[in-house]
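Letter by letter, the chains look like this.
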Amino acid sequence: MDPEKTTVLESTNPQTPDGTKKAHAPTLYFIAVCKIAKGAALFLLAAGIYWMAGRDLQDDFDKFLAWVHLDPEHRFFRNIGDELATITPGNVRAASLATFLYGLFLMGGGIGLALRAKWAIWLTIGESAFFIPIEVFELTSRHNPRLDPSDEPHPHLFPHPKIGLLIVLVLNILIVCYLYKNRKRLFRH
């Protein structure tokens, strides 16, 4: 066989530095894309939060309710308006900074996973595992902080408010298990 053709064939097969062929990992890339997308969404959210610093949030909220044709005098919306009055521009900037930093964290982890950096797998395992006890606590607690029991029920994405949290918990557990189980196969360098 011609040496030039051999070189071309070898260059099309991705290999690790030790000469072994890299394993295909569509799940890994799916997780990486999700992390990058969440990071980008958090960047946009942080910019939106920062833009709101120094504005009259209660007035903006009332305008938004009027725009979507909701009753601002409803107890639920009135309570939100009262809480918005207590927020200071410094609190808004701190929330914006925290959102930006978490987005940066997710973006870095997602890019690291896509590039198969060994540190990124441990970062993602740690980040996903961090939320598991919090989600279990929220699932097992009897209160639902999003609903006021004296208020009339509000429509939710799921029939029971904790089903969404259960789905997130299961996804986090699956991500941790997948990455931990396949860490040596996916990250050989």
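A brief report on the enclosed structure follows. (Residues numbered from 1 in each chain as written. Predicted model: local features only at pLDDT ≥ 70, side-chain atom pairs only at ≥ 80, totals over all residues. Heavy atoms only, no water.)

A word on the layout of surface pockets
A water-sized probe, rolled over the atoms, reveals where empty space remains. Size it by volume and the largest pocket reaches roughly 460 Å³. Lining the largest pocket are 17 residues; nearest its centre among them are K35, K38, L171, N172 and I175. Every element with two or more residues in the lining of the largest pocket is listed here: α2 (26–51), α6 (118–140) and α7 (162–181). When its residues are assigned to classes, the lining of the largest pocket shows 10 nonpolar, 3 polar and 4 charged. (1 Å grid on protein atoms, 1.4 Å probe; cavity = no way out; pocket = protein on both sides within 12 Å on 5 of 7 lines; lining within 4 Å. Points joined across faces, edges and corners; volume = space filled by probe spheres on them. Helix = DSSP H or I, 4+ residues; strand = E, 2+ residues; numbered from the N terminus. Nonpolar A, V, L, I, M, F, W, Y, C, P; charged D, E, K, R; others polar.)

Describing empty space enclosed by the protein
Enumeration over the complete set of coordinates arrives at 1 cavity of 30 Å³ or more. Taken as a whole, the largest cavity spans an internal volume of roughly 50 Å³. As for the largest cavity, its lining consists of K35, F105, L106, G109, G110, L123, T124 and E127. If you list the elements that add at least two residues to the lining of the largest cavity, you get α5 (89–114) and α6. A total of 4 residues in the lining of the largest cavity trace back to one element, the largest contributor, which is α5. Counted by class, the lining of the largest cavity contains 3 nonpolar, 3 polar and 2 charged residues.

A short note on unusual backbone geometry
For residues other than glycine, phi is negative in most cases, and the peptide bonds are mostly trans. The phi dihedral of H69 is positive, around 60°, even though this residue is not glycine. A positive phi angle is found at R116, which is not glycine, with a value near 60°. Structurally, R116 can be placed in the loop between α5 and α6.

Observations concerning the pattern of salt bridges
This model, assessed by the stated rule, comprises 3 salt bridges. Among the salt bridges present, the one from K35 reaches E127, with a minimum N-O distance of 2.6 Å. On the criterion of sequence distance, the pair formed by K35 in helix α2 and E127 in helix α6 is long-range, its members being 92 residues apart. An identical accessibility class is assigned to K35 and E127; each is buried. (Salt bridge = Lys/Arg side-chain N within 4 Å of Asp/Glu carboxyl O. Buried < 20%, exposed > 50% of the residue type's maximum accessible area, 1.4 Å probe, protein only.)

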